[in-house]
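Residue strings, one per chain:
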Amino acid sequence: MAKRPILLLPDPRLRAVADPVEKVDDGIKALAQDMLDTMYDAPGIGLAGPQIGEMKRIIVMDLSREDEPNDPIVMINPEITGMSDDIVSTEEGCLSIPEVYYDVERPAEISVRYTDLDGNTVERDATDRLAVCIQHEIDHLDGVLYIDYLSRLKRDRVLKKFQKADRLNKKAG
Ligand code: ZN
């Protein structure tokens, strides 16, 4: 197991489209484990490949409560195949945009199709926080960040904050 560095806004890799995974081999299984280790360590409830610079369509999540055993979910090549008209507004955050939280509106229920770590195709429905988390993570595979759904004013405020931090980091190091 290995923890990987998480890329932060405005790293351009967070804006790139990730490639489909061709085959669930040992390399992909090791990557999924690294992603889970990185997510649990952060700690966070979801992580997508591009967030650690792996431009592959793979996401990991765990929405279990603190007093529950871990419930890791790994989705390879996930695709949303259906969504409800019902919209839910949820406060979202992102490990690549730390310490920032905003409400985002998304469909409350979705259907998703993906490949699991055994190479099987799985179809499942998701509601509530899981539905929101899956949509947030799949967005990462297409270079979309949740701040893209905010008003321009709010989004620009977040971008400026992280651009400034990035400049200071580069100067310092
Ligand atoms: Zn995120």
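One can find the structure itself at the top, above this paragraph.
Basis of the calculations
- Residue numbers run consecutively from 1 along every chain, following the written order of its sequence.
- In view of the model being predicted, local features appear only for residues whose pLDDT reaches at least 70, and side-chain atom pairs are presented and counted only at 80 or more, with totals across whole chains, interfaces and linings using the full set of residues.
- By convention in this description, side-chain values take in all heavy atoms of the structure and omit both hydrogens and water.
- Secondary structure elements are taken from DSSP: a helix is a run of H or I of four residues or more, a strand is a run of E of two residues or more, and numbering for both begins at the N terminus.
- When a residue's accessible area, from a 1.4 Å probe over protein chains only, is under 20% of the maximum for its type it is buried; when over 50% it is exposed; and in between it is partly exposed.
- Residues adjacent in sequence count toward polar contacts only when both atoms are side-chain atoms; beyond that, a polar contact is any pair of N or O atoms within 3.5 Å, and within protein one must be able to donate a hydrogen and the other to accept it.
- Here a residue-residue contact requires only that any non-hydrogen atoms of the pair lie within 4.5 Å.
- Counted as donors are N, O and S atoms no farther than 2.8 Å from the metal, or 3.2 Å for Na, K and Ca; water is not among the atoms, and sites may therefore look incomplete.
- One less than the residue count of a helix, multiplied by 1.5 Å, gives the span that helix is expected to have.

Asks: Even after reading the chapter, I still don't get the side chain of glutamate 54, so can you show me in this structure?
Replies: The residue glutamate 54 is located in the loop between strand 1 (46-48) and strand 2 (58-61) in this model. Here glutamate 54 falls in the buried class, since its relative accessible area comes to 18%. In terms of polar contacts, glutamate 54 uses its side chain to reach the side chain of arginine 4, at 3.1 Å. Each residue touching glutamate 54, except ones within four places of it in the same chain, is listed here: Arg4, Leu31 and Gly49.

Asks: What's the story with the side chain of glutamate 137 in this structure? I'm lost.
Replies: Tracing the chain through its elements places glutamate 137 in helix 2 (residues 128-141). Beyond its immediate chain neighbours, meaning those up to four positions away, glutamate 137 contacts Gly46, Leu47, Ala48, Gln51, Ile59 and Met61.

Asks: So what exactly am I meant to see when it comes to the coordination of the zinc ion here?
Replies: The textbook angles at a metal center are 109.5 degrees for a tetrahedron of four donors and 90 or 180 degrees for an octahedron of six. Around the zinc ion, the protein contributes the donor atoms Cys94 (SG), His136 (NE2) and His140 (NE2), which lie 2.1 to 2.3 Å from the metal centre. Sequence spacing of the donors to the zinc ion: C-x41-H-x3-H. Here the residue histidine 136 and the residue histidine 140 both occupy positions in helix 2, the gap between them amounting to 4 residues, near one helical turn. The burial state of histidine 136 is the same as that of histidine 140; both residues are buried.

Asks: Even after reading the chapter, I still don't get helix 2, so can you show me in this structure?
Replies: For helix 2, which comprises 14 residues, the first-to-last C-alpha distance of 21 Å matches the rise-based estimate of 20 Å (1.5 Å per residue) to within 8%. Most of helix 2 sits inside the fold, with 12 of its 14 residues counted as buried. Considered for burial, the residues of helix 2 that qualify are Leu130, Ala131, Val132, Cys133, Ile134, Gln135, His136, Glu137, Ile138, Asp139, His140 and Leu141. Glycine 143 sits one or two positions beyond helix 2 and adopts a positive phi of about 75°.

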